[in-house]
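# Results of the structural survey
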Amino acid sequence: MNTAELRAIVGAGNVSDSTDDLVVYGRDASRLEGDCLAVVWPSQPPQVTALVEWAQAVGVDLTPRGAGTGLCGGATPQKSLVVDLSRLNTVVSIDTTGRMARVGAGVVLGSLNRNLKVHDLFLPVVPGSHRAATIGGMIATNAAGLRAVRYGSMRRWVQELSLVDGRGRLRRIAGEALDDVVGREGVTGFIVEATVRLAALPHRRTVSLFADDDESVLSAQRDEWISDPRLTALEYLNRHAAGAIGWEPRPHLLAEFDSDGGELTDPDRIDAVWRARDGLYPVLAGHGYPVIEDPKLDADGLSVLLPWLDAEAIPAFGHLGVGIIHPCFPPDDERIATLYGQVADLGGQVSGEHGVGLKKKTWTTASYRAEVRRLKDIYDPQGVLNRGKLC
């Protein structure tokens, strides 16, 4: 690929078509293989605008990328130029009184929250990849995470966006129009900056662990904790997942409260519990279960799905307070298709927080695909942004 025009846009040191970079940027954490033509690293929004204008002129499509932690191929190029937005990493402003921060799309959540800690504030959406996940990527997938039962998903915390659409226009997006961007995985535009709301940082946490082989007993405990206004997190591990990290091989619930309410009060013990939970997926991946899914179902749907996962010896965990479950499979497991067939039959969603990307297009509904095509016509009529994703 002739990169001379790209070097003129972003600078000679911010373009690569080396073999190593093409391999690295040809995939994200989904393991789906793509075809990367070259990689660019813009460092300011006008460069992103110029890249879109260039793409329109030469007929090349662009794939946005943040930290590359996506699990559904949302950043896997389809014979595309990859636009790595991680250098848009400026914290523009922090409004401690109004509890808002204006940040570049490439700002990493963990870094932002460390900066906010001195102000007793934080962005409370905390996915498992919080040490690497960028704000732009979290908005693009509408990330949820460990404390969604209290704080919800990213959509709730986005006040305003700066977006470069498929025509190369820099647009201010706010209000209801945010639904055209949040969770749309870059198919309607490249997020370059965002104003996000912040929450007060809790100063005291307590935790409870509860295990029982009877799912109805677990369900009753879930309902009791859900009604507690102090609840900040409610996690589930089935017996196969719990056993993998050395816990008793029984189904477990893990509840966190922002004050009294939990049985564990010692900070070191609480940290140890959360470290084990945070490390669960890497352990399962190392044991031969690297394919992680994220359907979302209501309580009735979970009452059907969870026993099936247990009977099939499929390790599973998730954010039970909001109905997101993470079954983990060996590569190319035929039961993944069975899973999503059940999710459809039970009226669930194919994705609670990971997105659709390339991986789940097969299981989306006709109405979802029609909505994505409608948005593409509005924001990206030439189809230069993240081609082949969602529909």
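See the structure shown above.
Summarised in this report is the structure supplied together with it. (Residues numbered from 1 in each chain as written. Predicted model: local features only at pLDDT ≥ 70, side-chain atom pairs only at ≥ 80, totals over all residues. Heavy atoms only, no water.)

Let us now look at the sheet that holds strand S15 (residues 291–292). Across the sheet, which stays open at both edges, the six strands sit in the order S12-S14-S13-S16-S17-S15 with antiparallel pairing between neighbours. Pairing within the sheet leaves two strands with one partner each, and these edge strands are strand S12 (206–211) and S15. Relative to strand S17 (residues 324–329), strand S16 (residues 316–319) is paired through four bridges, and the arrangement is antiparallel. The residue bridging Ala316 from the neighbouring strand is Pro327, located in S17. Helix H9 (residues 267–278) rests against S12, strand S13 (231–237), strand S14 (252–257) and S16 of the sheet, and its axis sits at about 55 degrees to S12. (Pairing = 2+ DSSP bridges. Helix = DSSP H or I, 4+ residues; strand = E, 2+ residues; numbered from the N terminus. Contact = heavy atoms within 4.5 Å. Axes fitted to C-alpha atoms, helices over the stretch in contact; angles between N-to-C directions.)

Across its 12 residues, helix H7 (residues 215–226) extends 16 Å between first and last C-alpha, which sits within 8% of the 16 Å expected from 1.5 Å per residue. Listed as buried for H7 are Leu218, Gln221, Arg222 and Trp225. End-on view of H7: buried residues confined to an arc of 105 degrees, all on one side of the axis. (Expected span 1.5 Å × (residues − 1). Buried < 20%, exposed > 50% of the residue type's maximum accessible area, 1.4 Å probe, protein only. Arc of directions from axis to C-beta.)

This part takes up the environment of Asp380. Relative to the helices and strands, Asp380 resides in the segment after helix H13 (366–379). The sequence separation of Asp380 and Arg167 amounts to 213 residues, and the corresponding C-alpha distance is 6.4 Å. In this view, Asp380 contacts Gly166, Val187, Leu375 and Leu385; residues no more than four positions away in its chain are not counted. A distance of 3.0 Å separates a polar side-chain atom of Asp380 from the backbone nitrogen of Leu385. (Polar contact = N/O pair within 3.5 Å; in protein donor to acceptor, adjacent residues only side chain to side chain.)

Here the focus is unusual backbone geometry. One non-glycine residue with positive phi stands out, namely Lys79, at about 55 degrees. Here Asn386, not a glycine, exhibits a phi torsion of approximately 50 degrees, which is positive.

Below, the discussion takes up the packing of helix H11 (residues 299–311) against helix H12 (residues 335–345). Close contact between H11 and H12 brings their axes to 11 Å; oriented N to C, the two are set at 165 degrees. Comparing the axis directions of H11 and H12 gives the class roughly antiparallel. You can see that H11 and H12 cross each other, and the crossing is right-handed. Here Val304, Leu305 and Trp308 of H11 lie close against H12, whose contacting residues are Arg335, Thr338, Leu339 and Gln342. When the residues that make up the contact of H11 with H12 are grouped by side-chain class, the tally is four nonpolar, two polar and one charged. (Parallel < 35°, antiparallel > 145°, perpendicular 65-115°, else oblique. Left-handed = near helix turned anticlockwise from the far one by under 90°. Nonpolar A, V, L, I, M, F, W, Y, C, P; charged D, E, K, R; others polar.)

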